[in-house]
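# Inside the fold
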Amino acid sequence: MKVIRTVKELQKQIKDLHLSPVGLVPTMGALHKGHLSLVRNAITQCPLVVISIYVNPTQFNDKKDLKNYPRDIQSDLDLLRKVTRKDDIIFIPDDKEIYPVEDKRIFHFGNLDNVMEALHRPGHFNGVAQVVGRLFDIVKPDVAYFGMKDFQQIAVIKELVRQYKYNVKIVGNPIIREPDGLAMSSRNRLLEPEMRKKVPLIYKTISSASGMIHKNTISEIRNYVRGTIEKANGLHVEYFEIVDDTKLKPVSTRREMKKGNRYYGCIAVQAGKIRLIDNIEFPLV
Ligand code: PAF
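Residues numbered from 1 in each chain as written. Predicted model: local features only at pLDDT ≥ 70, side-chain atom pairs only at ≥ 80, totals over all residues. Heavy atoms only, no water.

## Some details on the environment of Phe-136
Selection rule: Under the DSSP-based scheme used, a helix requires at least four consecutive residues in state H or I and a strand at least two consecutive residues in state E, with every element numbered from the N terminus. Categorising residues by exposure relies on relative accessible area from a 1.4 Å probe, with only protein chains included: less than 20% of the type maximum marks a residue as buried, more than 50% marks it as exposed, and the intermediate range marks it as partly exposed.
Take Phe-136: it is sitting in helix 7 (residues 124-139). For Phe-136, a relative accessible area of 3% puts it in the buried group. Along the chain, Phe-136 and Asp-65 lie 71 residues apart, while their C-alpha atoms are 25 Å from each other.

Right, here's the structure in full:
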């Protein structure tokens, strides 16, 4: 693999290699098995894969979160060396490379701006759209890979691609979990040991909730999820919504759920100082 830090050098390498399709795996580093599964998937489909590592300041609505976000480039490179090939590129730009001038663009994503993460992290998706748009402009990938844990982010990026006519296919990879069910996330390493023991309850609860869809009302399911998780000291459910997988419109009755559509239960939990998200499909059949 090659490590490249400037846009100019990256574009020269991509041009000189003449390989296609080009895959892009955008990351903010602090890599774990979830990221590596994205890279492995990209490698099976693309002769050239660019993995970007950049902690994008514009998507952090909380400056403390940005400061505390885990960073470990050496360990990231060690992990990537094990899964990448000779021509694959690790792109580690600094702020000036990504934002040579301040990015003042404001994006509008319709209903996606009015639900779940968008309500609890104002400005977050605008920042995600800025950086992902920049990466698409720089790398010009044919395929880009994202983890399904960030369910709403994938919907936002698909909308970005639609609005700005990017010629890139968006692939969502299944969530990779720890043996106890916790969805892998770079933030997991920031959990206090006592909190780490409690958080598998999140997946356990939404898994049981997904089995309740034929016997219980949506409001019973919502009460069950909140009540069960909040029994654990220090866990607070920010939201739990059952939404369709394209418009992400929360349903409030079972009647609103149409056969043929896919629905997911999406949750955000404040676990002490750390905020975690997860989701699971609520199958209708
Ligand atoms: O999912 C992430 O890690 C980030 O939001 C992304 C897509 C790399 C943009 O900074």
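Past the structure itself, the notes keep going.
## Some details on the packing of aromatic side chains
Just so we agree on the cut-off: Classification of ring pairs rests on two measures: the distance between centres of Phe, Tyr or Trp rings, Trp counted by its six-membered ring, which must be within 6.5 Å, and the angle between planes, read as stacked under 30 degrees, edge-to-face over 60 and tilted in between. Ring-over charges, as used throughout, are those where CZ of Arg or NZ of Lys falls within 6 Å of the ring centre and within 35 degrees of the ring normal.
The full count for this structure, using the stated rule, is seven aromatic pairs. Feature note: the residues Phe-107, Phe-109 and Tyr-164 constitute an aromatic cluster, connected by ring pairs. Here Arg-177 stacks its cationic end above the ring of Tyr-203, 3.6 Å away from the centre of that ring.

## So, the sheet that holds strand 7 (residues 235-244)
The condition is simple: Strands were regarded as paired on the criterion that DSSP finds at least two bridges between them. Inter-axis angles, ranging from 0 to 180 degrees, are taken between N-to-C directions of lines fitted to C-alpha atoms, where helices are fitted over the stretch in contact. Any two residues having at least one pair of non-hydrogen atoms within 4.5 Å are treated as being in contact.
The antiparallel open sheet is built from three strands, whose spatial order is 7-8-9. Looking at strand neighbours, the two that pair on one side only are strand 7 and strand 9 (274-281), the edges of this open sheet. Averaged over all adjacent pairs, the angle separating strand axes in this sheet is 15 degrees, with direction ignored. Across the sheet, helix 10 (residues 200-210) is in contact with strand 7, strand 8 (263-271) and strand 9; its angle to strand 9 comes to roughly 25 degrees. Running over the sheet, helix 11 (residues 218-230) touches strand 7 and strand 8 and is turned about 155 degrees from strand 7.

## Things to note about the site of the ligand
Heads up, the rule is: For this description, a residue counts as near a given molecule or strand if any of its non-hydrogen atoms is within 4 Å of it. Whenever two N or O atoms come within 3.5 Å, that pair is a polar contact, provided that in protein one can donate a hydrogen and the other can accept it, and provided that, for residues adjacent in sequence, both atoms are side-chain atoms. Method for areas: the Shrake-Rupley scheme with a 1.4 Å probe, in which residue coverage is limited to the protein chains shown. Gly is put with the polar residues, along with every residue not named as nonpolar or charged; the nonpolar set is Ala, Val, Leu, Ile, Met, Phe, Trp, Tyr, Cys and Pro, and the charged set is Asp, Glu, Lys and Arg.
Looking at the ligand, the residues that line it are Pro-26, Thr-27, Met-28, Gln-59, Val-131, Phe-146, Asp-150 and Gln-153. Here Gln-59 contributes a side-chain N or O atom positioned 2.6 Å from an oxygen atom of the ligand. Gln-153 is positioned with one of its side-chain polar atoms (N or O) 2.7 Å from an oxygen atom of the ligand. The fraction of the free accessible surface of the ligand (290 Å²) that becomes covered by protein chains is 88%. Split by residue class, the shell around the ligand holds four nonpolar, three polar and one charged.

## What to know about the pattern of salt bridges
Pairing is possible between side chains of opposite charge, provided their charged atoms come close. Selection rule: Salt bridge, as used here, is a side-chain nitrogen of Lys or Arg placed within 4 Å of a carboxyl oxygen of Asp or Glu.
Applying the stated criterion to the full structure yields 18 salt bridges. With a shortest N-O distance of 2.9 Å, Asp-88 and Arg-85 are connected by a salt bridge. By relative accessible area, Asp-88 is classed as buried at 0%. Here Asp-87 ties to Lys-86 by a salt bridge, and the two come within 3.3 Å at their closest N and O atoms. Judged by its relative accessible area of 19%, Asp-87 falls in the buried class. Note on Lys-86: relative accessible area 65%, which makes it exposed.

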